[in-house]
Amino acid sequence: MTVDTQPQGDERVHWLPMVAAISSISVVGIAIGLGMPLLSVILETRGHSASMIGLNTAVAGLASIAGAPLATPLAVRFGVAWTMVAMIAAGALAFIGFHFAPDFWMWFPLRIVLHIALTVLFILSEFWISTSAPPHRRGLVLGIYATVLSLGFAAGPWLFAHLGSSGFRPFGVIIGLVTLAAIPVLAARNESPSISSDGETSNFLRYIWLVPSATAAVLVFGAVETGGFALFPIYGNRIGYSEADAALLLTMIGLGNVLLQIPIGMISDRVSDRRYLLIACATVGLAGTVFMPFFAQNWHLMAALLFVWGGVVAAMYTIGLAHLGSQLSGHELASANAAFVLCYGVGMVLGPQAIGIGMDAFGPSGFGWSLGLFFAAYIALVSVRVIRKILL
């Protein structure tokens, strides 16, 4: 089934709910950025191996996939705002549990609760933002959302560096931040969007195929972001960079992500069909992987390339989300947001595996080839859909 029409929504800018959703999820982003390294360091100090720490962390991806189908039914039953408040409370309780749980096995159910709560929060916050933004400003608003969220994630490790991992203090800060996230949601609860059940709540997976240009975009982004960030230090080492230089190059990718989302989001508001811009972003992503080996010997050229590459590739998430919001509304949009986040989780699973296999098989060049394969497949998929629409 193809969706080509854009629903005619309210042209007003609903600032209070947009600010509430963006600020609350960004505060949660700070808590995640602080909490993830904190938990890993604590497990290490307790004597657990890197593989066991990785196993416990990997539960997060599986919990996200499991949590995605729950978002819409919960919002239908309890409302968007109250469901978000409940998930914020569940996340805070999970963080408290990590501090007091004496046995390692207890961390697995706590991870599951935490990341199901976070997944539902992200789905509903993005749904709330999409429904509150008028169509002609949706790209700009989602660009602001992506930028503020990226800054929140970056602020978490900075806080961790100052708080350390000893005692209850870092957990207290996390719980305070997560609790703080509930305030704007409660303030805007009367303007939260309502979702009425249409009997298709359990069939949210069909939305993967309903707007494949958006869901495939976030799958590619999830694969490239997770796999690229995880294996870039290894790639950098194999092509002759020091650990510090490779880390700085990763920082350039993150900087491009932060600085380019708003301008690209504004551009997306001026194009009639965002699929053309998604193809352009994927083309830049593919070109970047092709040129990486030629720029690798010059750190500054590589940094400039990765700055642009990182920002443009990250825009596939922002533009994909805007495209999703332009095609659907109401209950369908909520379910599609769940499918969108699910595809991101699938990309997180596929990316590191594909890139790791590529590097084992072809050496350092396998890094770029594996990344390029994701972009090429996406370009082919969306191009076929665009050409078919033109011919029909």
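Our structure is the block above this text.
All values reported here derive from a predicted model rather than from experimental measurement. (Residues numbered from 1 in each chain as written. Predicted model: local features only at pLDDT ≥ 70, side-chain atom pairs only at ≥ 80, totals over all residues. Heavy atoms only, no water.)

> Looking at this structure, how should I read the overall build of the protein?
When its secondary structure is counted, the protein shows 14 helices and 0 strands. The N-to-C order of helical and strand elements in the protein reads α-α-α-α-α-α-α-α-α-α-α-α-α-α. Judged by the C-alpha coordinates and their principal axes, the protein covers about 55 × 50 × 30 Å. In the protein, which comprises 392 residues, the share counted as buried stands at 54%. Considering only contacts in the protein between residues 6 or more positions apart, those separated by 24 or more positions represent 85%. (Helix = DSSP H or I, 4+ residues; strand = E, 2+ residues; numbered from the N terminus. Buried < 20%, exposed > 50% of the residue type's maximum accessible area, 1.4 Å probe, protein only. Contact = heavy atoms within 4.5 Å.)

> Got a minute to help me understand the side chain of S370 in this structure?
Note on placement: S370 falls in helix α14 (residues 365-391). For S370, a relative accessible area of 10% corresponds to the buried category. Here S370 is in contact with A354, I355 and G358, once residues within four sequence places are set aside.

> Just checking my understanding: could you explain the environment of P73 for this structure?
For P73, the location among the structural elements is in helix α3 (residues 71-78). Judged by its relative accessible area of 33%, P73 is partly exposed. Remark: the alpha-carbon pair of P73 and A336, spanning 263 residues in sequence, is separated by 13 Å.

> Would you explain the pattern of salt bridges in this entry?
Pairing between side chains of opposite charge can happen when their charged atoms approach one another. Applying the stated criterion across every chain, the model contains 4 salt bridges. The residue E332 makes a salt bridge to R206 at a minimum N-O spacing of 3.4 Å. Of this pair, E332 sits in helix α13 (residues 330-362) while R206 sits in helix α8 (residues 206-210), and the two are 126 residues apart along the sequence. R274 is the partner of D269 in a salt bridge, and the nearest nitrogen-oxygen pair spans 3.0 Å. Of the two residues, D269 and R274, neither departs from the other in class, the shared state being buried. Here the salt bridges do not stand alone but share partners, grouping D273, R275 and K389 into one network. (Salt bridge = Lys/Arg side-chain N within 4 Å of Asp/Glu carboxyl O.)

> I keep staring at the packing of aromatic side chains and nothing clicks. Help me out?
Each aromatic ring pair is specified by the distance between its two centres and by the angle formed by the two planes. Using the criterion set out here, one finds 14 aromatic pairs in the structure. Each ring, one from F232 and one from F367, has its centre 6.0 Å from the other, and the planes form 65°; the classification is edge-to-face. Remark: F367 occurs in helix α14 and F232 occurs in helix α9 (residues 212-238); sequence separation between them is 135 residues. Take F232: its relative accessible area is 2%, and that puts it in the buried class. Here Y317 and F340 contribute two aromatic rings whose centre-to-centre distance is 5.2 Å and whose plane-to-plane angle is 70°, an arrangement assigned as edge-to-face. With a gap of 23 residues between them, Y317 in helix α12 (residues 299-327) and F340 in helix α13 connect regions that are remote in the sequence. As far as burial versus exposure is concerned, Y317 and F340 are alike and both buried. By the ring-pair criterion, three or more aromatic residues cluster together here, those being F221, Y317, F340 and Y344. Its end group placed over the ring of Y207, R206 keeps NZ or CZ at 4.5 Å from the ring centre. (Phe/Tyr/Trp six-rings, centres within 6.5 Å; stacked < 30°, edge-to-face > 60°. Lys NZ or Arg CZ within 6 Å of the ring centre and 35° of its normal.)

> Can you help me understand a nonpolar patch on the surface in this one?
Taken together, V290, F291 and F294 make up a surface patch of nonpolar side chains, about 340 Å² in accessible area. Position of F291 among the secondary structure elements: in helix α11 (residues 274-295). A relative accessible area of 42% means that F291 is categorised as partly exposed. (Patch = residues over 30% accessible without salt bridge, like charges linked within 9 Å, V, L, I, M, F, W, Y side chains within 5 Å. Areas by Shrake-Rupley, 256 points an atom, 1.4 Å probe, with all protein chains shown as cover.)

> Looking at this structure, how should I read the packing of helix α1 (residues 15-45) against helix α7 (residues 169-187)?
For any two helices packed against each other, the geometry is given by the interaxial angle and the distance between the axes. Interhelical geometry of α1 versus α7 gives an angle of 165° and a closest axis separation of 8 Å. Relative to α7, the element α1 is oriented roughly antiparallel. Judged by the sense of rotation from one axis to the other, the crossing of α1 with α7 is left-handed. Per-class residue counts for the contact of α1 with α7 are 20 nonpolar, 3 polar and no charged. (Axes fitted to C-alpha atoms, helices over the stretch in contact; angles between N-to-C directions. Parallel < 35°, antiparallel > 145°, perpendicular 65-115°, else oblique. Left-handed = near helix turned anticlockwise from the far one by under 90°. Nonpolar A, V, L, I, M, F, W, Y, C, P; charged D, E, K, R; others polar.)

> When you look at the nonpolar core in this model, what are you seeing that I'm missing?
Soluble globular proteins: nonpolar side chains tend toward being buried together. Core analysis: the biggest nonpolar cluster contains 127 residues, and Y145, W309, F367, F375 and Y378 have the highest contact counts within it. Here the element with the most residues in this core is α1; it accounts for 16 residues. (Core = buried A, V, L, I, M, F, W, Y, C linked by side-chain atoms within 4.5 Å.)

> Explain the packing of α9 against α12 to me, please; I cannot follow it from the model alone.
Where α9 meets α12, the axes come as close as 8 Å, and the angle between the chain directions of the two elements is 150°. Classified by the angle between their axes, α9 and α12 sit roughly antiparallel to one another. Relative to α12, α9 is oriented so that their crossing is left-handed. Taken together, the residues of α12 that come into contact with α9 (itself represented by S213, A214, A217, V218, V220, F221, V224, F232 and Y235) are M302, L306, W309, V313, A314, M316, Y317, G320, H323 and L324. Of the residues assigned to the contact of α9 with α12, the class counts are 16 nonpolar, 3 polar and no charged.

> Could you clarify how one ought to interpret the side chain of S130 in this entry?
Counting through the fold element by element, S130 comes out in helix α5 (residues 107-132). With relative accessibility at 1%, the residue S130 sits in the buried group. Aside from chain neighbours lying at most four places away, what touches S130 is R138, L142, L321 and L333.

> What exactly am I supposed to notice about the environment of I239 here?
Mapped onto the fold, I239 is located in the loop between α9 and α10 (243-268). The exposure class assigned to I239 is partly exposed, which follows from its relative accessible area of 21%. In the structure, I239 is positioned 57 residues away from A296 in sequence and 7.4 Å away in space, judged by C-alpha atoms. Each residue touching I239, except ones within four places of it in the same chain, is listed here: A296, Q297 and P364.

Nothing here speaks to function; it is geometry throughout.
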